[in-house]
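These are the residues of each chain, in order.
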Amino acid sequence: MNSKILVVDDEKLIVKGIKFSLEQEGWEVDAAYDGEEALNYVKNNKYDVMLLDVMLPKYDGLQVCQLVREFSNIPIIMLTAKGEDMDKIMGLEYGADDYVTKPFNILELKARIKAILRRSQHAEKVPNKKTIEVGELRLEVNSRRVFIKNQEMNLTAKEFDMLELFATHPGKVYSRDQLLDTIWGREYPGDVRTVDVHVRRLREKIEPNPGQPEYIYTKWGVGYYFKD
């Protein structure tokens with residue numbers, strides 16, 4: 001089955017160019033031109049990736065991202081014309097998995113999409129379910145699902161990747177640079193603050209008290225590690 005991608009941008013020429021290029025890969029592409037339309041598409045269809053512009057009418061991209069995260073863990077790549085680091089971090093704060101700054105290289109964008117699709121398809125193909133249980137946390141690795149007290153938590157793709165790495169290597173301390181290289185890749189243009197944002201968001205979702213974590217600990221001056 002071909003992968004299905006939703007492109008959200010109010011600049012129709014940009015959408016037309018992206019749509020044409022992605023369709024050359026054999027992907028099915030839908031387009032939305034404002035935040036409200038984007039939400040309706042996600043609610044009524046199943047997508048493998050969402051490309052979401054920050055500056056949109058009706059609901060801006062950050063609002064859309066936040067609202068989508070209330071009911072879906074679809075991987076979201078933010079498209080932003082702003083280059084300031086804070087704007088990029090804000091996108092991650094609201095639940096985005098990645099970002100690309102305009103003007104972007106379409107080959108880079110397609111590479112980011114392919115990386116997300118590979119992870120998702122690999123998870124679907126593994127027949128046996130591997131489960132990690134620590135306290136009230138249950139991590140179903142191959143189905144990419146996380147439960148606390150049997151209640152499913154809605155993690156983004158990057159949050160799950162990070163939790164899986166920690167949980168499969170308990171007690172191992174990872175520096176921020178190591179996490180950035182492992183989860184995002186060496187070519188990722190962001191910095192280590194991205195890691196801190198994701199750890200904080202992850203703790204907010206899985207820890208009973210994020211201020212006193214039971215699963216993901218901080219090794220001061222070094223990095224983070226999972227309960228041994």
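Residues numbered from 1 in each chain as written. Predicted model: local features only at pLDDT ≥ 70, side-chain atom pairs only at ≥ 80, totals over all residues. Heavy atoms only, no water.

Engineer: I tried to follow the overall build of the protein on my own but got confused; where do I start?
Structural biologist: The helix and strand tally for the protein stands at 8 helices and 12 strands. Relative to the compact-globule value of 17 Å for 228 residues, the protein shows a C-alpha radius of gyration of 18 Å, a close match. Projected onto its principal axes, the C-alpha coordinates of the protein cover approximately 50 × 40 × 30 Å. Put simply, the protein has 228 residues, and 48% of those count as buried. In the protein, the share of contacts with a sequence separation of at least 24, taken over all contacts with a separation of at least 6, comes to 56%. As displayed, the protein offers around 11,700 Å² of accessible surface, 47% of which is attributable to carbon and sulfur atoms. Of note, the protein has its 34 positive side-chain charges centred 3 Å away from the centre of its 38 negative side-chain charges. (Helix = DSSP H or I, 4+ residues; strand = E, 2+ residues; numbered from the N terminus. Rg over C-alpha atoms; globule rule 2.2 N^0.38 Å. Buried < 20%, exposed > 50% of the residue type's maximum accessible area, 1.4 Å probe, protein only. Contact = heavy atoms within 4.5 Å. Areas by Shrake-Rupley, 256 points an atom, 1.4 Å probe, with all protein chains shown as cover. Lys, Arg positive; Asp, Glu negative; His and termini not counted. Charge placed at Lys NZ, Arg CZ, Asp CG, Glu CD.)

Engineer: Sorry, what's going on with unusual backbone geometry here?
Structural biologist: When glycine is set aside, most residues are seen to have a negative phi, and most peptide bonds are trans. Between Lys-102 and Pro-103 the backbone carries a cis peptide bond, its omega angle lying at -10°. Tracing the backbone through its elements, the reader meets Pro-103 in the loop between strand 5 (98-101) and helix 5 (106-125). The phi angle at Lys-149 is positive, at roughly 55°, despite the residue not being glycine. In this fold, Lys-149 is placed in the loop between strand 8 (145-148) and strand 9 (151-153). Note on Lys-149: relative accessible area 60%, which makes it exposed.

Engineer: Teacher, can you tell me more about the pairing of strand 1 (residues 4-8) here?
Structural biologist: A regular strand carries its side chains on alternate faces of the sheet. Taking burial as the measure, the 5 residues of strand 1 include 5 buried ones, the bulk of the element. Judged by which residues are buried, strand 1 turns out to be covered on both faces: Lys-4, Leu-6 and Val-8 on one side and Ile-5 and Val-7 on the other are all buried. Pairing between strand 1 and strand 2 (residues 28-32): 5 bridges, direction parallel. Following the sheet pairing, Val-7 is matched in strand 2 by Ala-31. Where the polypeptide runs from strand 1 across helix 1 (residues 12-23) and back to strand 2, its parallel neighbour, the crossover connection is right-handed. With 4 bridges joining them, strand 1 and strand 3 (residues 49-53) adopt parallel strand pairing. Paired with Ile-5 across the strands is Val-49, a residue of strand 3. (Pairing = 2+ DSSP bridges. Right-handed = clockwise from strand over helix to strand, strands pointing away.)

Engineer: How should I be thinking about the domain arrangement of the protein in this particular structure?
Structural biologist: Interfaces are often sized by the accessible area lost when the parts come together. Splitting the protein by domain gives domain 1 (2-120) and domain 2 (129-224). The C-alpha centroid of domain 2 is placed 23 Å from the C-alpha centroid of domain 1. Between domain 1 and domain 2, roughly 1,500 Å² of surface is buried when both sides are summed, and carbon and sulfur atoms account for 45% of that area. There are 1 salt bridge connecting domain 1 and domain 2. The closest approach of N and O atoms between Arg-200 and Glu-93, which form a salt bridge, is 2.2 Å. (Domains from an automatic or database assignment. Buried area = accessible area lost by both parts, 1.4 Å probe. Salt bridge = Lys/Arg side-chain N within 4 Å of Asp/Glu carboxyl O.)

Engineer: Looking at this structure, how should I read the pattern of salt bridges?
Structural biologist: Pairing between side chains becomes possible if they bear opposite charge and their charged atoms approach one another. Summed over all chains, the structure comprises 19 salt bridges. The partner of Asp-161 in a salt bridge is Arg-144, with the nearest N and O atoms 2.9 Å apart. Of this pair, Asp-161 sits in helix 6 (residues 157-168) while Arg-144 sits in the loop between strand 7 (137-140) and strand 8, and the two are 17 residues apart along the sequence. By relative accessible area, Asp-161 is classed as buried at 10%. As a salt-bridge pair, Asp-196 and Arg-176 come within 2.7 Å of each other at their nearest N and O atoms. Of this pair, Asp-196 sits in helix 8 (residues 193-206) while Arg-176 is found in helix 7 (residues 176-184), placing the two residues 20 residues apart along the sequence. What emerges from the salt-bridge pattern is a single network uniting Asp-9, Glu-11, Asp-53 and Lys-102.

Engineer: Even after reading the chapter, I still don't get the side chain of Asp-9, so can you show me in this structure?
Structural biologist: Looking at where Asp-9 falls in the secondary structure, it is placed in the loop between strand 1 and helix 1. A distance of 2.8 Å separates a polar side-chain atom of Asp-9 from the backbone nitrogen of Glu-11. Discounting chain neighbours no more than four positions away, the residues touching Asp-9 are Ile-14, Val-15, Ala-32, Tyr-33, Asp-53, Leu-56 and Lys-102. (Polar contact = N/O pair within 3.5 Å; in protein donor to acceptor, adjacent residues only side chain to side chain.)

Engineer: Just to check I follow, could you spell out the UniProt feature "modified residue: 4-aspartylphosphate" (unreviewed entry) in the protein for this structure?
Structural biologist: Under the present numbering, the feature "modified residue: 4-aspartylphosphate" (unreviewed entry) in UniProt falls on Asp-53. Among the secondary structure elements, Asp-53 is positioned in strand 3. On the basis of relative accessibility, which here comes to 4%, the residue Asp-53 falls in the buried class. Setting aside residues up to four positions removed in sequence, Asp-53 forms contacts with Val-8, Asp-9, Asp-10, Gly-61, Leu-79, Thr-80 and Lys-102. (UniProt positions renumbered as here; feature names shortened; annotations may be inferred.)

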